[in-house]
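A closer look at the structure
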Amino acid sequence: MLDERERTVYEKLLLAHYLHLETFDGQKYRRTTDDCLDWLLSPEDRDTTAYLQYDLLHGRGSEDFIAYVKEKLGVTDDDPTRAALFEKYRDRFQEKLARVRERGR
């Protein structure tokens with residue numbers, strides 16, 4: 001069972017993956033997953049086991065790691081999970097994602 005802090009960081013890791021996919025403009029990705037994580041994580045989040053797994057175990061860009069995160073969170077369907085995470089954390093990334101999309105045109 002995940003404690004609330006670890007769960008929150010796993011959610012942010014998954015959301016960063018979804019945001020990275022959102023930055024694709026038809027030709028290339030305009031932001032990395034790390035860039036998207038910077039929009040979401042607090043300094044305290046970077047001290048969690050969940051973040052250390054991402055950072056030290058080379059979780060960046062790994063579909064296996066994203067599958068692991070989804071398993072930890074109990075995600076079985078991406079669409080409702082993505083929508084819920086976008087809604088929950090929207091204030092942290094909305095303006096930044098809009099700027100990326102605008103520049104990518």
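Structure report, in brief. Keep in mind the model is a prediction, meaning the values are calculated, not measured.

Turning to a nonpolar patch on the surface, a few remarks are in order. Taken together, the side chains of Leu21, Phe24 and Tyr29 make up a nonpolar region of the molecular surface, amounting to roughly 280 Å² of accessible area. With relative accessibility at 40%, the residue Leu21 sits in the partly exposed group.

This brings us to the nonpolar core. With 27 residues, the main nonpolar core has Leu13, Leu14, Leu15, Leu19, Trp39, Leu40 and Phe93 as its most contacted residues. Elements with a contribution of two residues or more to this core: α1 (4-22), α2 (33-40), α3 (49-56), α4 (63-73) and α5 (78-103). Setting aside residues no more than four positions away along its own chain, Phe93 makes contact with Leu15, Leu19, Trp39, Leu40 and Phe86.

The subject of this paragraph is the environment of Ala50. Structurally, Ala50 is set in helix α3. Between the alpha carbons of Ala50 and Asp35 there is a distance of 17 Å; along the sequence they are 15 residues apart. The contact partners of Ala50, leaving out residues within four places of it in the chain, are Glu6, Val9, Tyr10, Leu13 and Phe65.

What follows deals with α5. Between its terminal C-alpha atoms α5 stretches only 27 Å, short of the 38 Å expected from 26 residues at 1.5 Å a residue. By the burial criterion, the buried members of α5 are Thr81, Leu85, Phe86, Tyr89, Phe93, Leu97 and Val100. As for α5, its buried residues are in contact with α1 and α2.

Tallied over the entire structure, the rule returns six aromatic pairs. For the ring pair Tyr10 and Tyr68, a centre distance of 6.3 Å and an interplane angle of 70 degrees mean the geometry is edge-to-face. In this pair, Tyr10 sits in helix α1 while Tyr68 sits in helix α4, placing the two residues 58 residues apart along the sequence. With relative accessibility at 2%, the residue Tyr10 sits in the buried group. Ring centres of Phe86 and Phe93 lie 5.1 Å apart, and the angle between their planes is 75 degrees; this geometry places the pair in the edge-to-face category. Each member of the pair, Phe86 as well as Phe93, is classed as buried. Three or more aromatic residues link up through ring pairs in this structure, and these residues are Tyr10, Tyr51, Tyr54, Phe65 and Tyr68. Across from the ring centre of Phe86, 4.2 Å away, lies the NZ or CZ of Arg82, which sits over that ring.

What counts and how
- Residues numbered from 1 in each chain as written.
- Predicted model: local features only at pLDDT ≥ 70, side-chain atom pairs only at ≥ 80, totals over all residues.
- Heavy atoms only, no water.
- Patch = residues over 30% accessible without salt bridge, like charges linked within 9 Å, V, L, I, M, F, W, Y side chains within 5 Å.
- Areas by Shrake-Rupley, 256 points an atom, 1.4 Å probe, with all protein chains shown as cover.
- Salt bridge = Lys/Arg side-chain N within 4 Å of Asp/Glu carboxyl O.
- Buried < 20%, exposed > 50% of the residue type's maximum accessible area, 1.4 Å probe, protein only.
- Core = buried A, V, L, I, M, F, W, Y, C linked by side-chain atoms within 4.5 Å.
- Helix = DSSP H or I, 4+ residues; strand = E, 2+ residues; numbered from the N terminus.
- Contact = heavy atoms within 4.5 Å.
- Expected span 1.5 Å × (residues − 1).
- Phe/Tyr/Trp six-rings, centres within 6.5 Å; stacked < 30°, edge-to-face > 60°.
- Lys NZ or Arg CZ within 6 Å of the ring centre and 35° of its normal.

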